[in-house]
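Report on the structure
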There are 2 protein chains.
Amino acid sequence: MLRISKLTDYATLLLMHMARAPFETHSARGLAQRSGLPPPVVAKLLKLLAREGLLTSQRGAAGGYGLARAPERISMAQILAAVEGPLAVTECALGRGVCDMEKGCATRPHWQLIGHALQVALDAVSLADMTVPRAATVRLQRLEK
Amino acid sequence: MLRISKLTDYATLLLMHMARAPFETHSARGLAQRSGLPPPVVAKLLKLLAREGLLTSQRGAAGGYGLARAPERISMAQILAAVEGPLAVTECALGRGVCDMEKGCATRPHWQLIGHALQVALDAVSLADMTVPRAATVRLQRLEK
DNA sequence: ATCAATAGGACTGATTAAGTTCTATATAGT
DNA sequence: ACTATATAGAACTTAATCAGTCCTATTGAT
């Protein structure tokens, strides 16, 4: 349950590879080879991440992708939002009045609260944390107190 | 993203209805009418929740379903787990070695940490909280400190 | 017996996710 | 200017999952 899509998983993997050389540009082909993921998937994801502002891109020969900011300033929440869209635990949490039974339904504010808690947990982990085991552990343990 | 399935949403709604009369038994038909959900869906969900231990069931005429324990002792995490299966943010988080690239993949422990944080957030909200706005707010705010 | 209820499984259709392919555009090097 | 190597964007196909229905069996009170 609450499963993250494979694409998000892949995106995280790719960003972690890039975080090892945060100031260099990386080509889609090169990242596909290093990550072992299918080239079309890698290309699709990098395009998406660039459009969403997590990566910068340079076209043409000797072009490629680079991190838009330091790995410490890219959170898991941002990666998820880039690939899967805004966090919304339930459909109605997004606000649009598409739910048939809004009248007697008292659950909405509660789902929003839960969603907010998830957001906080996801915000607390950065891309840099993902590459360095200790940091994430510490930050998340603080949350649980 | 991280969207909960409609079934889980429905299940929560049904349990909230039952929580209003926590010691009485409720029939599937009656709950379908009160909730406005399609009877087959309600029946399916109640069967599932009973199998998972959240509800007790009584067959035969004058039978029905009842909460297995007090609303305070049923958490949103339990409801989610009952309907959607164990919480696993990524496939590999479940442990089975199905992932092709386990060798160079350092993300697994981090996803597990994030998963754990989500679990904590979901554990902090009970079915009783869902029916009484204030309690959930307070509990979740404590988590965010 | 009969009626009202749950138990369990099989099945179908709808929706979404995952992955591929094709065409257009930009840029460095020669 | 030409060519090779990149990214940009969109359309398309297939696979997987979710949502919902239906049917048959079992249980128990009247």
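Residues numbered from 1 in each chain as written. Chains lettered and ligands numbered in written order. Predicted model: local features only at pLDDT ≥ 70, side-chain atom pairs only at ≥ 80, totals over all residues. Heavy atoms only, no water.

A word on the overall build of chain A
Quick note on the threshold: Elements are defined by DSSP. Helices are runs of H or I of four residues or more, strands are runs of E of two residues or more, and each kind is numbered from the N terminus. In this description, contact between two residues means that some pair of their heavy atoms is separated by no more than 4.5 Å.
Looking only at helices and strands, chain A features 7 helices and 2 strands. Counting helices and strands in the order they occur from the N terminus, chain A gives α-α-α-β-β-α-α-α-α. For chain A, the proportion of contacts with a sequence separation of at least 24, taken over those separated by at least 6, is 59%.

A short note on the protein's contact with DNA strand C
As a reminder, the rule being used: What makes a residue near a molecule or strand is one non-hydrogen atom of that residue sitting within 4 Å of it. Three residue categories are used. Nonpolar comprises Ala, Val, Leu, Ile, Met, Phe, Trp, Tyr, Cys and Pro, charged comprises Asp, Glu, Lys and Arg, and polar comprises the others, including Gly.
Residues in close proximity to DNA strand C total 25 residues, the closest being K44(A), K47(B), S57(B), R59(B) and Y65(B). Among all atoms of DNA strand C positioned within 4 Å of the protein, those belonging to sugar or phosphate total 69%. Contributions of two or more residues to the surface near DNA strand C are made by α1 (6–19) and α3 (39–51) of chain A together with α2 (28–35), α3 (39–51), β1 (55–58) and β2 (64–67) of chain B. Grouping the amino acids of the surface near DNA strand C by side-chain chemistry returns 9 nonpolar, 9 polar and 7 charged.

A look at the pairing of strand β1 (residues 55–58) of chain A
Residues and elements named next belong to chain A. Under the convention used in this document: Strands are treated as partners if at least two bridges between them are detected by DSSP.
Both β1 and strand β2 (residues 64–67) contribute to a ladder of 4 bridges, which runs antiparallel. Bridging from a neighbouring strand, T56 pairs with G66 of β2. Where β1 folds back on β2, the antiparallel hairpin that results is connected by 5 residues, among which G60 adopts a positive phi of roughly 75°.

A look at the protein's contact with DNA strand D
Stated formally: Any pair of N or O atoms that falls within 3.5 Å is considered a polar contact. Within protein, one atom must be able to donate a hydrogen and the other to accept it, and sequence-neighbouring residues count only if both atoms are side-chain atoms.
Surrounding DNA strand D, one finds 25 residues, the nearest of these being S57(A), R59(A), Y65(A), K6(B) and R59(B). Close to the protein, within 4 Å, the atoms of DNA strand D belong to sugar or phosphate groups at a rate of 69%. In this structure, a sugar or linking oxygen belonging to DNA strand D sits 2.5 Å away from a side-chain N or O atom of R59(A). Contributions of two or more residues to the surface near DNA strand D are made by α2 (28–35), α3, β1 and β2 of chain A together with α1 (6–19) and α3 of chain B. Of the residues that constitute the surface near DNA strand D, the class distribution is 9 nonpolar, 9 polar and 7 charged.

Some details on the side chain of H26(A)
Residue and element names in this part refer to chain A. Position of H26 among the secondary structure elements: in the loop between α1 and α2. Reaching out from H26, the side chain makes a polar contact with the backbone oxygen of A21 at a distance of 3.1 Å. In this structure the side chain of H26 is engaged in a polar contact, spanning 3.3 Å, whose partner is the side chain of R34. Among all residues touching H26, those that are not within four sequence positions of it are M18, A21, L31, R34, G64 and Y65.

Regarding the environment of Q78(B)
By the secondary structure assignment, Q78(B) is in helix α4 (residues 76–84). A C-alpha to C-alpha distance of 12 Å links Q78(B) and V120(B), two positions 42 residues apart in sequence.

Let's talk about the packing of α4(B) against helix α5 (residues 108–123) of chain B
Residues and elements named next belong to chain B. Quick note on the threshold: In this analysis an axis means a line fitted to C-alpha atoms, helices contributing only their contacting stretch, and an angle means the value between N-to-C directions, from 0 to 180 degrees.
Where α4 meets α5, the closest approach of the two axes is 6 Å, and the angle between their N-to-C directions is 115°. Contacts from M76, A77 and L80 in α4 reach Q119, L122 and D123 in α5. Taken together, the residues that form the contact of α4 with α5 break down as 4 nonpolar, 1 polar and 1 charged.

Observations regarding the environment of S126(B)
Residue and element names in this part refer to chain B. Note that S126 resides in the loop between α5 and α6 (127–131). Along the chain, S126 and S75 lie 51 residues apart, while their C-alpha atoms are 4.0 Å from each other. Once residues within four sequence positions are removed from consideration, S126 is found in contact with P71, E72, I74 and S75. In terms of polar contacts, S126 uses its side chain to reach the backbone amide nitrogen of A128, at 3.2 Å.

As for the nonpolar core
The cut-off we apply is this: The definition of a nonpolar core used throughout is a set of buried Ala, Val, Leu, Ile, Met, Phe, Trp, Tyr and Cys residues joined through side-chain atoms within 4.5 Å. Throughout this description, buried means an accessible area under 20% of the type-specific maximum (1.4 Å probe, protein chains only), exposed means over 50%, and partly exposed covers the range between.
Counting residues in each nonpolar core, the largest one holds 77 residues, and the members touching the most others are L2(A), L2(B), L55(B) and L118(B). Here the element with the most residues in this core is α1(A); it accounts for 7 residues. Apart from residues no more than four positions distant in its own chain, L118(B) is found in contact with L2(A), L118(A), A121(A), L2(B), L87(B) and V89(B).

Here's the deal with unusual backbone geometry
All names here are of chain A. Positive phi, close to 60°, is recorded for A62, a residue that is not glycine. Its location among the elements puts A62 in the loop between β1 and β2. Judged by its relative accessible area of 79%, A62 falls in the exposed class.

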